[in-house]
Amino acid sequence: MEGIYDLAVIGAGPAGLTAAIYAARARLKTVVLESFALVSQVSLTEEIENYPGFVEGIKGFELLQNFKRQAERFGAEFVLQEAVAIEKREKIWIIRTSPPGSVKSLAVIVATGASAKKLGIKGEDKFRGKGVSYCATCDGAFFRNKVVCVIGGGDTAVEEALFLTRFASKVKLIHRRQQLRAAKILQERVFSHFQVELVLNSLPQEIVGEGKVSGVKVLNKETRKENIIECEGVFIFVGNVPNTDFVKSLLGCDEGGYIEVDAGMKTSQEGIFACGDCCSKFLRQVVTACGDGAVAAFSVQKYLEDLKGITYN
C-alpha cells in the first residue's frame, strides 16, 4: 500500500479543507489536491460576517488559510495538482492530474466548488479583462473614481456592490426583477447607500464599447424599451456553475451538473464522496460547506473501516 493514501480530497475550499481536518484528525493518511485554475470563491470574498464565532467578521482568504493550517497541523498533505479524471483499478481510485501525474487513494472526496456563471450576452467575452469582471475584490481598485455596473440581485451581487463603493464614484445595480433576492440586511444597506443606484426590472442585452467598456444595454421589462446604462466597468454576479466536468461521466449529477449525494455525502460510486458547492443542495454557504465536509470525512472513515475489516462494534 506504499504510495497509496487513505483519502484524496479534490479541492481546497471550506468543504475540502474541513474534510481534510476531520480525516487527518481521525489519523487517515490524507492528501488535498489544490488547483491554481479553480480558486475558491471564498478566497475572493472581502469579508465574511455570518460565519459563527467571528463577531467582527473575517476576510475570506484569512479564513481559508486558518483552515489549511489546521489541516496541516493534523498531518494532511497538500499538492498543487488539478484533477482531470478519476478511474478505478481494483479497490484503488486513481486521480489523473495536470501537470501530468496521478494520485492513488482508497477513497476520494470531490470538493471542487463552483465558478461564476456567465451572462452569455454580446460583448461579455469581448470585454473580459477590459472592463468586464467577475470579482470585485480582484478588480475593484482598477475602477477608482469611475462609474461601474453590477449585474445581479442576490447576496453576492449586493455584497460586491457595497464593496465597490470603496473605489467607484457610483455603482449601478442592475437586476432583472423588481425586487432583490439578497438578505434583508444587505438590501437595507444598499437601499440607503448614497453611491448606489438601482436599475430594476431590467434585462442586460449587451455590453457595449470601443476598445473598452462604455455601458450596458438593457431592456426594461415593463416598457419594453432599450437604453444604455453608462459605465466604465461591469461586474457580473448571476449565480454559479459547478466545477464537475471531469466527473460528469463517472458520477450521478443533476441537470445543472451538480453532484447528487445522500445524507452521508455518498455519490453513485462506492468510495467516492462529494461535499460543498459542487453538490446538489438547498443552501450554498461557507457554514454549510463546512458541515458537508465534516459529514463526508466521517463517512469516509466508516467506509475505510469496512474496507479494511476493522469496523468498531
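Quick note: structure is the one above.
Summary of the structure given here. Please read these numbers as outputs of a predicted model, since none were measured by experiment.

**Concerning the sheet that holds strand E12 (residues 202–209)**
One open sheet accounts for 3 strands, arranged E12-E13-E14; its pairing is antiparallel. Two strands lie at the open edges of the sheet, namely E12 and strand E14 (226–230), each paired on one side alone. With strand direction ignored, the average angle separating the axes of adjacent strands in the sheet is 30°. In this sheet, strand E13 (residues 213–220) lies alongside E12 in antiparallel orientation, the contact comprising 7 bridges. The residue of E13 that forms the bridge with Ser 202 is Asn 220.

**As for helix H4 (residues 155–164)**
Burial analysis of H4 places 7 of its 10 residues in the buried class, which makes it a mostly covered element. Close packing links the buried residues of H4 with helix H3 (136–139), strand E9 (147–151), strand E10 (170–174), helix H5 (184–192) and strand E15 (233–236).

**Describing H5**
Buried residues of H5: Leu 186, Gln 187 and Val 190, and no others. Looking straight down H5, one finds that the buried residues subtend no more than 100° of arc, so they occupy a single side. Every exposed residue of H5 that faces more than 90 degrees away from the buried side is listed here: Lys 184, Glu 188 and Ser 192. Looking at the buried positions of H5, the neighbouring elements they touch are H4, E10 and strand E11 (196–199).

**Details of the packing of aromatic side chains**
Summed over the entire model, instances satisfying the criterion amount to 5 aromatic pairs. Measuring from centroid to centroid gives 6.1 Å for Tyr 51 and Phe 54, while their planes differ by 40°, and the two rings are tilted. Overall, the relative accessible area of 18% leaves Tyr 51 in the buried class. When its relative accessible area of 29% is taken as the criterion, Phe 54 is described as partly exposed. Seen in terms of ring centroids, Phe 273 and Tyr 303 are 6.0 Å apart; in terms of plane orientation they differ by 70°. Their pairing is edge-to-face. Here Tyr 303 lies in helix H6 (residues 286–308) and Phe 273 lies in strand E17 (residues 272–274), a separation of 30 residues in the sequence. Here Phe 273 falls in the buried class, since its relative accessible area comes to 2%. Chaining the aromatic ring pairs together yields one cluster made of Tyr 51, Phe 54 and Phe 67. Here Lys 29 stacks its cationic end above the ring of Tyr 5, 5.1 Å away from the centre of that ring. If you follow Lys 68 out to its NZ or CZ, it ends over the ring of Phe 78, 4.9 Å from the centre.

**With respect to the state of the cysteines**
Working definition: the covalent bond between the sulfur atoms of two cysteines is a disulfide. Taken as a whole, this structure holds 0 disulfides when the rule is applied. Between Cys 290, a free cysteine, and Cys 275, which holds the nearest cysteine sulfur, the sulfur-to-sulfur gap is 9.6 Å.

Reading the values: rules and limits
- Residues numbered from 1 in each chain as written.
- Predicted model: local features only at pLDDT ≥ 70, side-chain atom pairs only at ≥ 80, totals over all residues.
- Heavy atoms only, no water.
- Pairing = 2+ DSSP bridges.
- Helix = DSSP H or I, 4+ residues; strand = E, 2+ residues; numbered from the N terminus.
- Axes fitted to C-alpha atoms, helices over the stretch in contact; angles between N-to-C directions.
- Buried < 20%, exposed > 50% of the residue type's maximum accessible area, 1.4 Å probe, protein only.
- Contact = heavy atoms within 4.5 Å.
- Arc of directions from axis to C-beta.
- Phe/Tyr/Trp six-rings, centres within 6.5 Å; stacked < 30°, edge-to-face > 60°.
- Lys NZ or Arg CZ within 6 Å of the ring centre and 35° of its normal.
- Disulfide = S-S within 2.5 Å.

Fair warning: the whole summary comes from geometry, so function is off the table for now.
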